[in-house]
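Per-entry structural report
Letter by letter, the chains look like this.
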Amino acid sequence: MLSPDYFYEVSFLDALNAAQRQAVEATEGPVMIVAGPGSGKTRVLTYRIAYLLHQGVDAFRILALTFTNKAAREMRERVEQLCGSEARNLYIGTFHSVFARLLRAHAQRLGFPPEFVIYDTDDSRSLLKSIIKQMALSDTLYKPATVHNRISAAKNSLIGPEDYLRDVNLMADDAAAGRPRMGDLYAEYVMRCFKAGAMDFDDLLYRMHQLLTKFPDVLSRYQYHFRYILIDEFQDTNPAQYVIVRKLADVHQNICVVGDDAQSIYSFRGATLENMLHFERDYPERRLFKLEQNYRSTRHIVRAANRLISHNKLQLTKEIWTENAEGEPIRLLSALSDNDEGKMVVDALFEEKMHAHRRNRDFAILYRTHAQSRAFEEHLRRVNLPYVVYGGVAFYQRKEVKDLLAYLRLAVNPYDEESLRRVINYPARGIGETSLEKALVAAQEHQLRLWEVLERCNTYLPGNRSNAAINEFISKIKGFRLIAQQQNAFEAATHIARSSGLLQELYADKSVEGVHRYENVQELLNGIKEYTDLQLAPGAEAAPHVTADGEVLELTSPAGTLAAYLQEITLLTDQDRDDEQSDRVLLMTIHSAKGLEFPCVFVVGLEENLFPSLLSQNSREELEEERRLFYVAVTRAQQKLFLSHAAARYRYGELQYNEPSRFLREVDDSLLQRLHQRMPRARPQPEAFTPASQPLTGKPYVHQPSPDFVPDDYEHITEGMAVEHPRFGFGKVERIEGKSRDRIATIAFQAPVGAKRIMLRYARLRIVREESLGKSTG
DNA sequence: ATAAGTCATTTTTTT
DNA sequence: AATGACTTAT
């Protein structure tokens, strides 16, 4: 069995410690790896795959599932570094993307077209909104988001609409909440998605499970195919994911899950720690490996993390340790107000940068909610430190991008109701709400799809004034459909963008924002071109769709077509786009910091009611999840950790006073070193706070109304004026449209924000003298 | 049809 | 404080 070169070949395992190596070499049978933060979890996963390949396992028999595209890409790249191009044939992807592929191959079994569309959250909610309206329910009681969450939770627990309506407990819950029709909404929603040939994100799991349950031949095919299954971030899986994976692993039983119960922070989207407990129950013979040595952080930080997490009752016993240096004590910053916190944090950051000669990107400022970023942005701008805030409006969520995608989606699948409604009157072609309303009613009445009604609008909507426009629209889309079938993705998309009138509409808008939108659409088209060229390039590598023995694993649309492109793109998100490696301070929520690490970390806003959140203090479970969130935040730090809190802050426009977070007490006092003794005895008076717009002079701010300070008075802002916005910085008003409070100003802001269009109502703009523009940048 | 006024909402996020 | 959704007035 062992080749003569065995020892040479596996010498790469020398890069691992004993525990890691054991976990890598235990390839057969069920395995659970509990991996603490910074313990080399990704390393173990990649080496495990590399080791399997070295053992002669065919790459396409290995299935590795992750939560994010980024994690999947990283894993593939790292295996490729170890094993070369063989890594390309690995089945690595997110749960959603892998399942989407498998579902495409067998969609017809479930009555779906192979080119089914995937509804994102917006699509789902907009569909629900229309259903709620149609069923004449109050949309304050049945908010689309609430209903969607409920449906999503049901699907993630593999509860279908019939089960839901039959479930006494669920029905009682809904009745108690005053929403007795929830089950009916669920059923109608599922039916509408089905008719539209659409699956939402949760369907990719729910329908996958259905496929495997209803069709034993499909199940056994994949059961035999995937010899080794690996799952990353197991603590974040939901019941549906776990059940599916168990089914797939049932023949070979080579299932390896890697996770850390102490880092489970996604219960609000269905993840359950119980999966980790169930794993032990379901696989009694499973082998357990614990990776507890931390290579990331100083002893101070590791000790603080352990202290903190020991307050949680619900946990598998595990204590991380490290051989790293003691490091410096954790610093505590106590600020008077949110603005003060911004100043103290930025000052400390600046000092640390100068003192230890660090780069900007060595710093991360982590907060509980997005709204907290403002104060830090303001002060970072003031000291000229470049920064980037994670989590703005996603590219693929932008209106203009979604509009074009809707046209493309329609060309592939005209039954897609959400896309149809999105573009039927955009650009305006005289098909108003009334016609659409009528068509929807007719569709309901005749049990037809919206598209089918419109196709024969003369029959179903006799005498409707806009029938001519509808017919024209329908034949246009049919034309697009032909083109999508005959030409490649880029040609088809360009044609559709032009001949739908979308491009012209955007081109006509010469405002700064309009130009941006036009550019965004162009960028989307460029992306499509890139994709097409790559797919159709001579000698393009075969995607891992075909196994070595020639078996086609799944059929997808022909490469390079619009249909194929849409399949690839739907599951991409912003974080998968331009991964700018520029030297900037990073600002983000703790949730999005998971999986990352930084030399210096600031965890800010450590106040009761904010972190832990007010809404998380109802039950012990929720509080423990907040604590795990703090644990995640603390363990992002490699060398220096700063914690900060403010005595008072504005929330929802009101001044609130909060006690320091209980989490600060839970980290041993001896580990904390106060940077400045500033905790006030008495509550500060609101007047004492630094206002949002502090003069640049650095002199203490004196609160007195000045003639050039007009916070709310939009009438005073005129074109050509130099202004300062507390968040976006300095800029020049280029253009003003509209009247009164709906006036919109186009303001060319200086870097890093760039030109930006903002509503002036309530906007806190400060008029500044022209010369301050030159000397202040962000 | 457009402008102006009212009201409700407000965690975290991936796919 | 800041928005988005919705309603009322002209």
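It should be emphasised that the depicted structure is a prediction, and the values quoted were computed from it without experimental measurement. (Residues numbered from 1 in each chain as written. Chains lettered and ligands numbered in written order. Predicted model: local features only at pLDDT ≥ 70, side-chain atom pairs only at ≥ 80, totals over all residues. Heavy atoms only, no water.)

Across its full length, chain A holds 31 helices and 21 strands. Taking all 778 residues of chain A together, 53% fall into the buried category. Taking the intrachain contacts of chain A between residues at least 6 apart in sequence as the baseline, contacts between residues at least 24 apart amount to 75%. Of the roughly 34,900 Å² that chain A leaves accessible, carbon and sulfur atoms contribute 50%. (Helix = DSSP H or I, 4+ residues; strand = E, 2+ residues; numbered from the N terminus. Buried < 20%, exposed > 50% of the residue type's maximum accessible area, 1.4 Å probe, protein only. Contact = heavy atoms within 4.5 Å. Areas by Shrake-Rupley, 256 points an atom, 1.4 Å probe, with all protein chains shown as cover.)

Moving on to the pattern of salt bridges. Taken as a whole, this structure holds 46 salt bridges when the rule is applied. A salt bridge links K155 to D200, with the nearest nitrogen and oxygen atoms 2.9 Å apart. In this pair, K155 sits in helix α7 (residues 144-156) while D200 sits in strand β5 (residues 198-200), placing the two residues 45 residues apart along the sequence. Overall, D200 belongs to the buried group, its relative accessible area being 1%. R359 serves as the salt-bridge partner of D362, at 3.0 Å between the closest nitrogen and oxygen. (Salt bridge = Lys/Arg side-chain N within 4 Å of Asp/Glu carboxyl O.)

Quick look at helix α10 (residues 182-195) now. Across its 14 residues, α10 extends 20 Å between first and last C-alpha, which sits within 8% of the 20 Å expected from 1.5 Å per residue. Within α10 the residues assigned to the buried category are M182, G183, L185, Y186, E188, Y189, V190, R192 and C193. Directly beyond the C-terminal end of α10, a positive phi value near 65° is found at G197. (Expected span 1.5 Å × (residues − 1).)

As a further point, take the packing of helix α2 (residues 18-25) against helix α3 (residues 41-54). As a packed pair, α2 and α3 sit with axes 8 Å apart at the nearest point and diverge in direction by 45°. Taken together, the axes of α2 and α3 are oblique relative to one another. Seen along the crossing, α2 lies across α3 with a hand that is right-handed. Residues Q20, A23, V24 and E25 of α2 form the contact with α3, whose own contacting residues are R43, V44, Y47, R48 and Y51. Per-class residue counts for the contact of α2 with α3 are five nonpolar, one polar and three charged. (Axes fitted to C-alpha atoms, helices over the stretch in contact; angles between N-to-C directions. Parallel < 35°, antiparallel > 145°, perpendicular 65-115°, else oblique. Left-handed = near helix turned anticlockwise from the far one by under 90°. Nonpolar A, V, L, I, M, F, W, Y, C, P; charged D, E, K, R; others polar.)

What follows covers the nonpolar core. Ranked by internal contacts, the top residues of the largest apolar core, which has 55 residues, are L408, F473, L524 and L562. If one sorts the elements of this core by residue count, helix α18 (residues 399-412) sits on top with nine residues. Leave out the neighbours within four places in its chain, and L408 touches A493, I496, I528, L562 and L566. (Core = buried A, V, L, I, M, F, W, Y, C linked by side-chain atoms within 4.5 Å.)

Turning our eyes to something else, we now look at the confidence of the model for chain A. When pLDDT is averaged along chain A, the result is 81; 81% of the residues meet or exceed 70. Every residue in residues 676-713 scores below 50 in pLDDT, and together they form 55 contacts with partners more than four places removed in sequence or on other chains. Note on residues 773-778: pLDDT under 50 across the span, and 15 contacts to partners over four residues away in sequence or across chains. (pLDDT = per-residue confidence, 0-100.)

Turning to the environment of D403, a few remarks are in order. Counting through the fold element by element, D403 comes out in helix α18. Overall, the relative accessible area of 2% leaves D403 in the buried class. Residues D403 and T237, spaced 166 residues apart in sequence, show a C-alpha to C-alpha distance of 33 Å. If we skip the residues at most four places from it in the chain, D403 touches R422, V423, Y426 and L502.

Moving on, we come to helix α14 (residues 274-282). Buried within α14 are the following residues: N275, M276, F279 and D282. Relative to the axis of α14, the buried residues are bounded by an arc of 125° and lie together on one face. Packing partners of the buried residues in α14 comprise β1 (31-35), α13 (239-248) and β7 (255-259). (Arc of directions from axis to C-beta.)

P612 follows F611 through a cis peptide bond whose omega is 5°. Take P612: it is sitting in the loop between β13 (598-603) and α29 (620-634). Non-glycine residue H357 carries a positive phi angle of around 50°. Summarising the element assignment, H357 is placed in the loop between α16 (338-356) and β10 (363-367). According to the relative accessible area criterion, H357 is exposed, its value standing at 72%. Even without a glycine there, the phi angle at N609 is positive, about 80°. One can find N609 in the loop between β13 and α29.

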